[in-house]
Amino acid sequence: DIVMTQAPLSVSVTPGESASISCRSSKSLLHSNGITYVYWYLQKPGKSPQLLIYRMSNLASGVPDRFSGSGSETDFTLKISRVEAEDVGIYYCGQLLENPWTFGGGTKLELK
Amino acid sequence: EVQLQQSGAELVKPGASVKLSCKTSGYTFSNYYMSWLKQMPGQNIEWIGNIYGGNGGTGYNQKFKGKATLTVDKSSSTAYMDLSSLTSEDSAVYFCARVDYYSRRGFDYWGQGVMVTVSS
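Residues numbered from 1 in each chain as written. Chains lettered and ligands numbered in written order. Predicted model: local features only at pLDDT ≥ 70, side-chain atom pairs only at ≥ 80, totals over all residues. Heavy atoms only, no water.

### Comments concerning the overall build of chain B
The cut-off we apply is this: Going along the chain from the N terminus, every DSSP run of H or I of four or more residues is numbered as a helix, and every run of E of two or more is numbered as a strand. Our radius of gyration is a C-alpha quantity, and the globule rule it is checked against amounts to 2.2 Å times the number of residues to the power 0.38. Accessibility here uses a 1.4 Å probe with only protein chains present; expressed as a share of the type maximum, an area under 20% marks a residue as buried, one over 50% as exposed, and anything in between as partly exposed. Residue contacts are defined here by distance: any two heavy atoms, one from each residue, within 4.5 Å place the two residues in contact. For the area figures, the Shrake-Rupley method with a 1.4 Å probe applies, and any residue is considered shielded solely by the protein chains shown. Asp and Glu are treated as the negative residues and Lys and Arg as the positive ones, with His and the ends of the chain left uncounted. The atom standing in for a charge is NZ when the residue is Lys, CZ when it is Arg, CG when it is Asp and CD when it is Glu.
The secondary structure content of chain B amounts to zero helices and eleven strands. Taken against the 2.2 N^0.38 rule, which gives 14 Å for 120 residues, the C-alpha radius of gyration of chain B at 14 Å falls within 12% of a compact globule. Overall, chain B is about 40 × 25 × 25 Å in size when its C-alpha atoms are taken along their principal axes. Here chain B holds 120 residues, and 48% of them are scored as buried. Long-range pairs, those at least 24 residues apart, make up 53% of the contacts in chain B between residues at least 6 apart in sequence. For chain B, the accessible surface area stands at approximately 5,500 Å², while carbon and sulfur atoms represent 47% of it. Averaging the coordinates of the 11 positive side-chain charges in chain B and doing the same for the 9 negative ones gives two points 4 Å apart.

### Here we look at the side chain of Q6 of chain B
Residue and element names in this part refer to chain B. Under the convention used in this document: Nitrogen and oxygen atoms within 3.5 Å of one another constitute a polar contact, given that in protein one can donate a hydrogen and the other can accept it, and given that sequence-neighbouring residues count only through two side-chain atoms.
Along the chain, the position of Q6 falls in strand β1 (residues 3-6). A polar atom in the side chain of Q6 sits 2.9 Å from the backbone nitrogen of G113. Apart from the residues lying within four places of it in its own chain, the contact partners of Q6 are S21, C22, W36, Y94, F95, C96, G111, Q112, G113 and V114.

### Things to note about empty space enclosed by the protein
To be explicit about the condition: Buried and open spaces are told apart on a 1 Å grid over the protein atoms alone, a cavity being a set of points where a 1.4 Å probe fits but cannot get out and a pocket being an open set with protein on both sides within 12 Å along at least five of seven lines. Residues with an atom within 4 Å of a point are the lining residues. Grid points are joined across faces, edges and corners, and a volume is the space filled by probe spheres set on the points. Any residue outside Ala, Val, Leu, Ile, Met, Phe, Trp, Tyr, Cys, Pro, Asp, Glu, Lys and Arg is labelled polar, Gly included; the first ten of those are nonpolar and the last four are charged.
As enumerated under the stated definition, the model contains one cavity of 30 Å³ or more in all. Looking at the largest cavity, its volume works out to about 30 Å³. Broken down by class, the residue content of the lining of the largest cavity amounts to seven nonpolar, one polar and no charged.

### Points about the packing of aromatic side chains
For any pair of aromatic rings, the description rests on two quantities: the centre-to-centre distance and the angle between the ring planes. The following threshold applies: Two rings belonging to Phe, Tyr or Trp (six-membered ring only in the last case) form a pair when the distance between their centres is within 6.5 Å. Interplanar angles under 30 degrees mark stacking, angles over 60 mark edge-to-face geometry, and anything in between is tilted. Look at NZ for Lys and CZ for Arg. If either is within 6 Å of the ring centre and within 35 degrees of the ring normal, a charge sits over the ring.
All told, the structure shown has 15 aromatic pairs over all chains when counted by the stated rule. Ring geometry for Y41 of chain A and F103 of chain A: centres 5.8 Å apart, planes at 50°, overall tilted. Of this pair, Y41 of chain A sits in strand β4 (residues 38-43) while F103 of chain A is found in strand β10 (residues 102-103), placing the two residues 62 residues apart along the sequence. Ring geometry for Y27 of chain B against Y32 of chain B: centres 5.2 Å apart, planes inclined by 90°, an arrangement best described as edge-to-face. By relative accessible area, which is 15% here, Y27 of chain B ends up buried. Following the ring pairs from residue to residue traces out a cluster consisting of Y41, W101 and F103 of chain A together with Y33, W47, Y52, F95, Y101, Y102, F107 and W110 of chain B. Positioned over the ring face of Y27 of chain B is R98 of chain B, at 4.7 Å from the centre of the ring. Note that R104 of chain B overlies the ring of Y101 of chain B, its terminal NZ or CZ placed 4.4 Å from the centroid.

### Comments concerning the layout of surface pockets
Approximately 630 Å³ is the volume attributed to the largest pocket. Contributing to the lining of the largest pocket are 29 residues, with Q50, L51 and S61 of chain A together with D108 and Y109 of chain B lying nearest its centre. For the lining of the largest pocket, the element with the most residues is strand β5 (residues 49-54) of chain A, which contributes five residues. In terms of residue class, the lining of the largest pocket is built from 13 nonpolar, eight polar and eight charged.

### Describing the sheet that holds strand β3 (residues 19-25) of chain A
Residues and elements named next belong to chain A. We count it as follows: Strands pair, by our definition, only if DSSP identifies at least two bridges between them. All axes are obtained by fitting lines to C-alpha atoms, using only the stretch in contact for helices, and the reported angles, taken between N-to-C directions, cover 0 to 180 degrees.
If you trace the four strands from one edge of the open sheet to the other, you get β1-β3-β8-β7, paired in antiparallel fashion. Unpaired on one side and paired on the other, β1 (4-7) and β7 (67-71) mark the two borders of the sheet. This sheet shows a mean twist of 20° between the axes of neighbouring strands, independent of strand direction. Alignment of β3 against strand β8 (residues 75-80), held across six bridges, turns out to be antiparallel. Residue pairing for β8: I21 is matched across the bridge by L78.

### Details of the environment of G26 of chain B
Residue and element names in this part refer to chain B. Here G26 lies in the loop between β3 (18-25) and β4 (33-39). A residue is classified by how much of its surface remains accessible, and G26, at 53% relative accessible area, is exposed. Sequence-wise, G26 and S75 are 49 residues apart; in three dimensions their C-alpha atoms are separated by 14 Å. In this view, G26 contacts E1 and V2; residues no more than four positions away in its chain are not counted.

As structure tokens, then:
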């Protein structure tokens with residue numbers, strides 16, 4: 001199975017500042033078609049996860065452009081610019097390259 | 001508006017089975033796959049498997065083969081997951097989530113989740 005490892009476990013951010021979350025995969029997520037199958041989700045307290053970024057760097061519908069995704073074949077970053085109170089929750093990276101589809105352990109974002 | 005509405009919380013006895021439902025609306029059910037995912041309290045998210053709304057074709061995480069069975073009812077645009085031989089390790093929140101398997105734009109819509117508690 002592809003293992004997804006996130007860092008840090010938690011991050012505390014002052015509103016208005018930026019935050020970055022890292023994710024590393026145990027195998028390249030770059031397909032031969034040139035698409036990198038890594039995704040980012042936010043699970044707000046008591047809610048279902050919601051899609052933020054798909055295929056490494058594409059913003060999902062309705063997601064503010066304060067969110068951005070980048071990376072290489074195995075190392076990925078979610079950046080949140082100008083953090084707001086509504087961004088609090090647990091962020092997960094995930095891969096859809098191969099079965100079983102897997103997720104990272106999550107990074108909890110809190111406000112200072 | 002796309003909606004995935006899951007059935008209510010379940011309290012089941014060890015060794016029993018339970019069938020969860022995910023009723024959809026707002027999109028063409030037969031054009032998408034439905035995934036089921038498991039989240040134990042305070043834990044990571046695990047992908048259980050996929051089922052295609054068009055023909056019921058399935059793909060499972062090997063870990064959940066024999067534990068979960070996915071089906072669909074196209075007439076009601078509803079996906080189902082049967083969980084069998086339940087143990088305490090099956091106590092978790094289960095989500096259904098829509099995915100376009102071919103474009104792989106991610107799990108773009110999720111159900112609200114259903115808590116399954118296995119206890120005697």
